[in-house]
Structures are given as structure tokens and as C-alpha cells.
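Structural features, examined
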Amino acid sequence: MASHSGPATSVLFLLCCLGSWLACHTLPVHLLPPSEVQKVVEELQFLSKILLKDVEEEKGVPVSQNYTLPCFIPDAQPPNNIHSLAIRAHLKVISQVDSKSVIDEIIEQLNKLIFQDAPETNISMPTETFERKCFILTIFKQFSECMDLALKSLTSGAQEATT
């Protein structure tokens, strides 16, 4: 049997190594069972209502169409479709100017849902006071709606699994 060496063998070896490395580094670090994800989302939904209630008490601040909180990861299926990284990034930025303990609790819960190492999304907050209030209200409102949708998708998925 003849031994072949040269660039083709080296390239094939590198492709095999690169493929293995990519497979190891793109797999989820940990996945919570669907029942645990549902508990976390239920807690997040509860906390989002508290957060929203605090902000809605301030009169004259409108929800802005200029800001969007990504709720779901495109092409992902429940229970691992919540865009926890983006939501966490928005709340971290808000917590720098509006330090509420409930925001810290939400970030803790979101950390439980993050199952891959990924770079943090860079979010910029408006500097003008009124626009910043609009940003915060909008993000909190969208977060609350997101948790409602997420819980609804989880509970409908759980009902389909039991039938």
C-alpha cells in the first residue's frame, strides 16, 4: 500500500481537526430541561411586571418606536429560543443609570437561560434624559411582552407534548 503525503494530506488533516474543534465549540455549554426553563420564564414574567409597573407610574413618557428588544433567536425552537444575551445586554445598560434590585434578579435568571458562550451585544443608551426614559419604558414594556409570549409558547408546547 502506497503512502501519500503532501499538501492534500495536510489539508485533509487540518479540515478534520478544524471540524472537530468547531463541533466542540459550537455545541451548547448546558441546556436546562424544558420544565426548568419554564420555571425561569415564569419568574422572569413575574419580575417583568414589577419592573414595568415601576416605570409606567411616571406620566408623560411614551413608548418609542425607535427601540427594539430582540425577544427570540431566529430559527430556534422553544424552550431555547429566548434571546437571553440581547435582553441581558439591554438590562445591563439600563442598570447603569437605573439601579433596581429587580433588574439584578432578572439578569441572574437570564444567565440561567444562556447556553452558549457568545460575545455580549453592545447597546447604547440615549444621553438626553427624556429620551432615556422613553428607552427604558420601551425596553421594559417589550421585555414584559416577550416574557408573556415566551411563557405562552412554552406552555402550549408542553400541552402538545402531553397529548
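Residues numbered from 1 in each chain as written. Predicted model: local features only at pLDDT ≥ 70, side-chain atom pairs only at ≥ 80, totals over all residues. Heavy atoms only, no water.

As recorded in an unreviewed UniProt entry, the chain goes by the name Interleukin 31, listed as coming from Callithrix jacchus.

**A closer look at the packing of helix α3 (residues 84-95) against helix α4 (residues 101-113)**
Selection rule: Angular values range over 0 to 180 degrees, each being the angle between N-to-C directions of two axes fitted as lines to C-alpha atoms, with helices fitted over their stretch in contact. Here a helix means four or more residues in a row that DSSP labels H or I, a strand means two or more in a row labelled E, and each is numbered from the N terminus. When describing relative orientation, an angle under 35 degrees is termed roughly parallel and one over 145 degrees roughly antiparallel, while 65 to 115 degrees is termed roughly perpendicular and anything else oblique. Handedness of a crossing follows from how the near helix is turned relative to the far one, being left-handed for an anticlockwise turn of less than a right angle and right-handed for a clockwise one. In this analysis, two residues are considered to be in contact whenever any of their non-hydrogen atoms come within 4.5 Å of each other. Lys, Arg, Asp and Glu make up the charged group, whereas Ala, Val, Leu, Ile, Met, Phe, Trp, Tyr, Cys and Pro make up the nonpolar group; the residues left over, Gly among them, are polar.
Two elements in contact, α3 and α4, have axes separated by 10 Å at closest approach and are oriented at 160°. Here α3 is positioned roughly antiparallel relative to α4, judged by the angle of their axes. The two elements α3 and α4 meet at a crossing, and its hand is left-handed. Facing α3, whose interface residues are S84, I87, R88, L91, K92, I94 and S95, α4 presents I103, I106, I107, L110, N111 and L113. Residue classes in the contact of α3 with α4 are distributed as eight nonpolar, three polar and two charged.

**Here's the deal with α4**
Stated formally: One less than the residue count of a helix, multiplied by 1.5 Å, gives the span that helix is expected to have. Relative accessibility under 20% of the residue-type maximum defines a buried residue, over 50% an exposed one, and the middle range a partly exposed one, all with a 1.4 Å probe and only protein chains included. Comment: arc refers to directions from the helix axis out to C-beta atoms.
With 13 residues, α4 ought to run about 18 Å at 1.5 Å a step, and its terminal C-alpha atoms sit 19 Å apart, in line with that. Every buried residue of α4 is listed here: V102, I103, I106, I107, Q109, L110 and L113. The buried side chains of α4 occupy one side of the element, clustering within an arc of 165° when seen end-on. The outward face of α4, more than 90 degrees from its buried face, is lined by the exposed residues S101 and E108.

**Comments concerning the packing of aromatic side chains**
Just so we agree on the cut-off: Geometry of aromatic contacts follows a simple scheme: Phe, Tyr and Trp rings, the Trp one being its six-membered ring, pair when their centres are within 6.5 Å, and the pair is stacked under 30 degrees between planes, edge-to-face over 60, tilted otherwise.
Under the criterion given, the structure shown has one aromatic pair. Seen from their ring centres, Y67 and F135 are 4.9 Å apart, and the 90° between their planes marks the pair as edge-to-face. Here Y67, found in the loop between α2 (34-56) and α3, pairs with F135, found in helix α5 (residues 129-162); they are 68 residues apart in sequence, far enough to count as distant. By relative accessible area, which is 16% here, Y67 ends up buried. Its relative accessible area of 2% is what places F135 among the buried residues.

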